[in-house]
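Observations on chain architecture
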Amino acid sequence: MGDSQNGIWECVISKRKHPCTSRCSFDPQERCIGMSDGYQWRNQDKNWRSVVVRSEIAGTGSPGASYQLSGFEVGSKIRGICFYSVTSFVAIFLFVLMVVAHPFVLLKDKYQRNFHHFVAKIWASMTIAPFFRLKIQGSENLPPKDYPAVYVSNHQSFLDIYTLLTLGRNFKFVSKTAIFLFPVVGWAMFLLGTIPLKRMDRKSQLQTLKRCMELVKNGGSVFFFPEGTRSRDGSLGTFKKGAFSIAAKTGVPVVPITLMGTGKIMPAGMERTLNPGMVKVVIHQPVKGDNADVLCTEVRNMIADELVRQC
């Protein structure tokens, strides 16, 4: 659009915010809608609002751009609805299996909970299969299922949990307590042995580390997102040392994992949408050491370098 037309839009917006103003700044060759034009303004109000809204959506004022953006958003939202419908439907039936088997799991397999993790893998695999492709590199670097380890990865999206569950390892996630309130999914996480954490609560943090240490010493594995929260722009944040302190004190290896693509498919803060794409998982060689600071730096560099290589 020309500058003069943009000027008219600015005038209209100004009139709506400040109805007593009869002048506005734009191309002097164009006539501003003033107080004397009230009748004309009332007749054209509906049309102007339509134009202004379309201009704001399109950014360039191009009707074609408006339709393209709207179509993309609608498609992503429809995919999001389908995604949650599928995951909820599958979860309900599998959750019943977990509930029935839970007493026996606690008696025979309190720390590993192999049956529950097998069910969780089926749930995650059936959920993501219709919506995005998954490529796993470095599976040979995964320790055996019954071998204790501390797993860590970067964190980009809500989809990270689904992706990691398909690896078939019995690690226990550390999750904020609010997640456990979610129907079915939150309850299933409780049955899996997910470890609760109250953020910004020092006492809760110490209790979480204590539970992780106990779990690892009894042959279980834990999983941490050392960044603490999802990245909103895909960049790698600062790593907290909790996971590496556990590995250093117990002598178990740290297994670094790099996740790529989940942030584009379901960006942080946009959990109602689902874009098409592919997720890649790179499993690095395990790292061992007795110094938490050194482990933290080494593992973060491995993940950061992989993210750079894949750009």
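Keep in mind the model is a prediction, meaning the values are calculated, not measured. (Residues numbered from 1 in each chain as written. Predicted model: local features only at pLDDT ≥ 70, side-chain atom pairs only at ≥ 80, totals over all residues. Heavy atoms only, no water.)

Our focus in this paragraph is the side chain of H102. Following the sequence through the fold, H102 ends up in helix α3 (residues 63-108). For H102, the side chain forms a polar contact with the side chain of H116, separated by 3.0 Å. (Helix = DSSP H or I, 4+ residues; strand = E, 2+ residues; numbered from the N terminus. Polar contact = N/O pair within 3.5 Å; in protein donor to acceptor, adjacent residues only side chain to side chain.)

This structure, assessed with the given rule, holds three salt bridges. Notably, a salt bridge pairs R230 with E271, separated by 2.4 Å at the nearest N-O pair. Separated by 41 residues along the polypeptide, R230 in the loop between β5 (221-224) and α8 (242-250) and E271 in the loop between α9 (262-265) and β7 (278-283) bring together distant segments of the chain. Between R309 and E306 there is a salt bridge, and its shortest N-O distance comes to 2.5 Å. Of the two residues, R309 and E306 are both situated in helix α10 (residues 292-309); the distance of three residues between them amounts to about one turn of the helix. What makes R309 exposed here is its relative accessible area of 57%. With relative accessibility at 5%, the residue E306 sits in the buried group. (Salt bridge = Lys/Arg side-chain N within 4 Å of Asp/Glu carboxyl O. Buried < 20%, exposed > 50% of the residue type's maximum accessible area, 1.4 Å probe, protein only.)

For helix α4 (residues 114-128), with 15 residues, the first-to-last C-alpha span of 21 Å sits near the 21 Å given by 1.5 Å per residue. All of the buried residues along α4 are H116, H117, V119, A120, W123, A124, T127 and I128. One face of α4 carries all of its buried residues, which in axial projection span an arc of 160°. (Expected span 1.5 Å × (residues − 1). Arc of directions from axis to C-beta.)

Turning our eyes to something else, we now look at the UniProt feature "transmembrane region" (unreviewed entry) in the protein. The positions UniProt marks with the feature "transmembrane region" (unreviewed entry) are residues 83-106 and 178-197. Helix makes up 100% of residues 83-106 and strand makes up 0%, while its end C-alpha atoms are separated by 32 Å. Each end of residues 178-197 is marked by a C-alpha atom, and these two atoms are 9 Å apart; helix forms 40% of the span and strand 15%. (UniProt positions renumbered as here; feature names shortened; annotations may be inferred.)

Looking now at the confidence of the model for the protein. Looking at the protein as a whole, the pLDDT averages 79, with 77% of positions reaching at least 70. The low-confidence segment residues 1-69, where pLDDT is below 50, has 54 contacts with residues more than four positions distant or belonging to other chains. (pLDDT = per-residue confidence, 0-100. Contact = heavy atoms within 4.5 Å.)

This part covers the packing of aromatic side chains. Going through the model one piece at a time under the given rule, you end up with 15 aromatic pairs. Between F223 and F225, the aromatic rings sit 5.2 Å apart at their centres with planes inclined by 65°, giving edge-to-face as the arrangement. A relative accessible area of 1% means that F223 is categorised as buried. Residue classification places F225 among the buried residues on the basis of a relative accessible area of 14%. On the basis of an interplanar angle of 15° and a centroid distance of 6.3 Å, the ring pair of F239 and F244 is categorised as stacked. The burial state of F239 is the same as that of F244; both residues are buried. Aromatic rings pair up to connect F83, Y84, W123, F131, F158 and Y162 into one cluster. Positioned above the aromatic ring of F239 is the side chain of R300, whose terminal nitrogen or guanidinium carbon lies 5.9 Å from the ring centre. (Phe/Tyr/Trp six-rings, centres within 6.5 Å; stacked < 30°, edge-to-face > 60°. Lys NZ or Arg CZ within 6 Å of the ring centre and 35° of its normal.)

Formed by 38 residues in total, the largest nonpolar core has its most connected members in Y151, L159, L164, F223 and I257. Mapped onto this core, the elements with two or more residues apiece are α3, α4, α5 (159-165), β3 (171-176), α6 (185-192), β6 (254-260) and β7. Looking at this core, the element that brings in the most residues is α3, giving six residues. Discounting chain neighbours no more than four positions away, the residues touching L164 are S153, F171, F173, F223, F225, I257 and L259. Counting 29 residues, the second largest nonpolar core, distinct from the first, contains V150, L215, V254 and L307. (Core = buried A, V, L, I, M, F, W, Y, C linked by side-chain atoms within 4.5 Å.)

What the seven strands build is an open sheet, ordered β1-β7-β6-β2-β5-β3-β4; its pairing is mixed. Two strands close off the open sheet at either side, each with one partner strand: β1 (133-137) and β4 (195-197). Each strand of the sheet is rotated relative to its neighbour by a mean of 25°, with strand direction disregarded. Where β3 lies against β5, three bridges are found, and the strand directions are parallel. Paired with K172 across the two strands is V222, which belongs to β5. Running over the sheet, α10 touches β2 (150-153), β6 and β7 and is turned about 25° from β6. (Pairing = 2+ DSSP bridges. Axes fitted to C-alpha atoms, helices over the stretch in contact; angles between N-to-C directions.)

Attention now goes to α10. Between its terminal C-alpha atoms α10 stretches 26 Å, which fits the 26 Å expected from 18 residues at 1.5 Å a residue. For α10, the set of buried residues is A292, L295, C296, V299, I303, A304, E306 and L307. For α10, the buried positions fall inside an angular range of 160° around the axis, keeping them on one side. Across from the buried face of α10, at angles greater than 90 degrees, the exposed residues are V308 and R309. The inward-facing, buried residues of α10 contact β2, α8, β6 and β7. Capping of α10 at its N-terminal end is provided by N291; its side-chain oxygen lies 3.0 Å from the backbone amide nitrogen of D293.

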